[in-house]
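# Observations on the model geometry
Here is how the chains run, residue by residue.
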Amino acid sequence: LTQRVWAVVVVYWAVFIVAMATGFTGMKSARDALEHVHKDRMEAAVAVAQMRRGYLVNRMEMLLMFQHAPDSPLAGIHGHPLSLHTDNIAQLKTDNDAAQKVVLERPMDAEERALIDQLQAARKAWQSKRDQVMDAMNQGDFSPATMNFFLVAGRTEGAAFEKSMSELVKYQRNKADE
């Protein structure tokens, strides 16, 4: 009888140890999976969200710059120079460059790489048009033609940049769900 009791105790302890080991292994696996989702997916999604915010603030700053036109009734209410807006845009570009670096400096598959390449091309096209308008305004050209050029750029290059950011965030969300 004593041997049976000890055998049962040993079996119970063995089962308990196996259950503990399985539990710890499962917890480690879950931790690693969450770390992967955070590091490879969430950080990229947050960085793209920062780029999207920067893009939208960029557009707002550009529109505010048009209010500095010398013949505009709004020019008199601005208590700051045009350079305040250009400095804000330069800071946003620096912030977006840092966010883009987060997106680029991680392991990625070919599909994600293609989406990032598309995002980079769209961002570069938007920045080129934005910079043309900023140069014109810095030279005093606040004409309707300049405003129209900016608005068209927003509807074309800007919209393409927004779309590429949305597609990358959607990709990140789908991969995080896998």
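Description of the structure in this document.

To describe two helices that pack against each other, one gives the angle between their axes and the distance between the axes. Put simply, helix 2 (residues 83-104) and helix 3 (residues 110-138) touch, their axes get as near as 13 Å, and they point 170° apart. Taken together, helix 2 and helix 3 sit at an angle that is classed as roughly antiparallel. From helix 2, T86, I89, K93, N96, D97, Q100, V103 and L104 reach across to helix 3, where they touch R113, I116, L119, Q120, R123, Q127, R130, M134 and N138. Class assignment of the residues belonging to the contact of helix 2 with helix 3 gives a composition of 6 nonpolar, 6 polar and 5 charged.

What tends to happen in soluble globular proteins is that the nonpolar side chains get buried as a cluster. Ranked by internal contacts, the top residues of the largest apolar core, which has 28 residues, are M62, M65, M137, F161, M165 and L168. Sorting the residues of this core by element identifies helix 1 (2-66), helix 2, helix 3 and helix 4 (144-177) as the ones contributing at least two each. Here this core takes 8 residues from helix 3, the largest share from any one element. With residues up to four places along the chain from it excluded, the contact list for M165 reads V48, M51, R52, Y55 and L119.

Now for a nonpolar patch on the surface. Taken together, the side chains of L1, V5, W6, V9, W13, F16, I17, M20, F24 and M27 make up a nonpolar region of the molecular surface, amounting to roughly 1,100 Å² of accessible area. On the secondary structure map, F24 appears in helix 1.

The subject of this paragraph is helix 2. For helix 2, which comprises 22 residues, the first-to-last C-alpha distance of 31 Å matches the rise-based estimate of 32 Å (1.5 Å per residue) to within 8%. Every buried residue belonging to helix 2 is among H85, T86, I89, L92, N96, A99, Q100 and V103, and all of these are buried. For helix 2, the angular spread of buried residues about the axis comes to 135°, placing them on one side.

Conventions and cut-offs
- Residues numbered from 1 in each chain as written.
- Predicted model: local features only at pLDDT ≥ 70, side-chain atom pairs only at ≥ 80, totals over all residues.
- Heavy atoms only, no water.
- Axes fitted to C-alpha atoms, helices over the stretch in contact; angles between N-to-C directions.
- Helix = DSSP H or I, 4+ residues; strand = E, 2+ residues; numbered from the N terminus.
- Parallel < 35°, antiparallel > 145°, perpendicular 65-115°, else oblique.
- Contact = heavy atoms within 4.5 Å.
- Nonpolar A, V, L, I, M, F, W, Y, C, P; charged D, E, K, R; others polar.
- Core = buried A, V, L, I, M, F, W, Y, C linked by side-chain atoms within 4.5 Å.
- Buried < 20%, exposed > 50% of the residue type's maximum accessible area, 1.4 Å probe, protein only.
- Patch = residues over 30% accessible without salt bridge, like charges linked within 9 Å, V, L, I, M, F, W, Y side chains within 5 Å.
- Areas by Shrake-Rupley, 256 points an atom, 1.4 Å probe, with all protein chains shown as cover.
- Salt bridge = Lys/Arg side-chain N within 4 Å of Asp/Glu carboxyl O.
- Expected span 1.5 Å × (residues − 1).
- Arc of directions from axis to C-beta.

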